[in-house]
Amino acid sequence: MKTIYDFTVKDRKGNDVSLKEYTNEVVLIVNTATQCGFTPQYEELEKLYERHHSEGFEILDFPCNQFGQQAPGTDDAIHEFCKLNYGTEFARFKKIKVNGEDADPLYKFLKEQKGFAGWDMEHKIAPLLHDMLSKEDPDYQQKPDIKWNFTKFLVNKKGAVVARFEPTEKIENIEKQIIELLK
């Protein structure tokens, strides 16, 4: 069975990184952007990382400019922004595409494993996203594509994708599942 360990990605300097490096770790893979309404989630993600990193938890950050061009700039500029504004310490990789024919192979795999998980409609941005995406494609909810920045995939210690969280999901709900996987 295929796992995330079958993939190699590029770090922000363009060097190959085998995801086998994360064997026996609980991993949260996130597509991010620096100029998005969800960008403040970097703060929540960093706190989550600080609380659980010593227990075997990793966050893999993949900047993506496919949603409203909200991740402009170079890989180094994005990294500096995150360090200066949110103090992030988790791994950040080269900017990628997560949808379309030229989507990164890792993201093609992630979407095959877990399709769209649905919005938390209590989140203030969820109705706006739903309306916007519905106008573009009335059946968007049936498709596994990444819908927006800060979509998260949770991976267990064996490299299997066990959950997908849309950007409107509360971080405490994600943390509960992380804690279970760390046991």
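## Considering the pairing of strand β3 (residues 26–32)
The two faces of a sheet get side chains in turn, since along a regular strand they alternate between them. Along β3, seven of the seven residues are buried, which leaves the element largely enclosed by surrounding structure. Alignment of β3 against strand β4 (residues 57–63), held across seven bridges, turns out to be parallel. The partner of N31 across the bridge, within β4, is F62. Chirality of the crossover, the property in question, places the unit of β3, helix α1 (residues 41–52) and β4 among those that are right-handed. The pairing of β3 with strand β6 (residues 152–155) spans four bridges and is classified as antiparallel. Within the sheet, the bridge partner assigned to L28 lies in β6 and is L154.

## Concerning unusual backbone geometry
Phi is positive for N24, which is not a glycine, with a value near 65°. The residue N24 is located in the loop between β2 (16–18) and β3 in this model. Owing to a relative accessible area of 55%, N24 belongs among the exposed residues under this scheme. With phi around 50°, Q69 is a residue other than glycine that occupies positive phi space. When you line up the elements, Q69 lands in the loop between β4 and α2 (75–86). On the basis of relative accessibility, which here comes to 52%, the residue Q69 falls in the exposed class.

## Things to note about the environment of Q66
By secondary structure assignment, the location of Q66 is in the loop between β4 and α2. Spatially, the C-alpha atoms of Q66 and Y42 are 18 Å apart, while their sequence positions differ by 24 residues. If sequence neighbours within four positions are ignored, Q66 has contacts with K97, V98 and N99. Of the polar contacts made by the side chain of Q66, one reaches the backbone nitrogen of N99; its length is 3.0 Å.

## Remarks on the packing of aromatic side chains
Taken as a whole and judged by the stated rule, the model has twelve aromatic pairs. Here Y107 and F153 contribute two aromatic rings whose centre-to-centre distance is 6.1 Å and whose plane-to-plane angle is 80°, an arrangement assigned as edge-to-face. Placement of the pair is Y107 in helix α3 (residues 105–113) and F153 in strand β6, with a sequence separation of 46 residues. With relative accessibility at 0%, the residue F153 sits in the buried group. Joined through ring pairs, the aromatic side chains of Y42, Y49, F81, Y86, F90 and F150 make up one cluster. Here the basic side chain of K147 rests over the ring of F116, its NZ or CZ set 5.2 Å away from the ring centre.

Calculation notes
- Residues numbered from 1 in each chain as written.
- Predicted model: local features only at pLDDT ≥ 70, side-chain atom pairs only at ≥ 80, totals over all residues.
- Heavy atoms only, no water.
- Buried < 20%, exposed > 50% of the residue type's maximum accessible area, 1.4 Å probe, protein only.
- Helix = DSSP H or I, 4+ residues; strand = E, 2+ residues; numbered from the N terminus.
- Pairing = 2+ DSSP bridges.
- Right-handed = clockwise from strand over helix to strand, strands pointing away.
- Contact = heavy atoms within 4.5 Å.
- Polar contact = N/O pair within 3.5 Å; in protein donor to acceptor, adjacent residues only side chain to side chain.
- Phe/Tyr/Trp six-rings, centres within 6.5 Å; stacked < 30°, edge-to-face > 60°.
- Lys NZ or Arg CZ within 6 Å of the ring centre and 35° of its normal.

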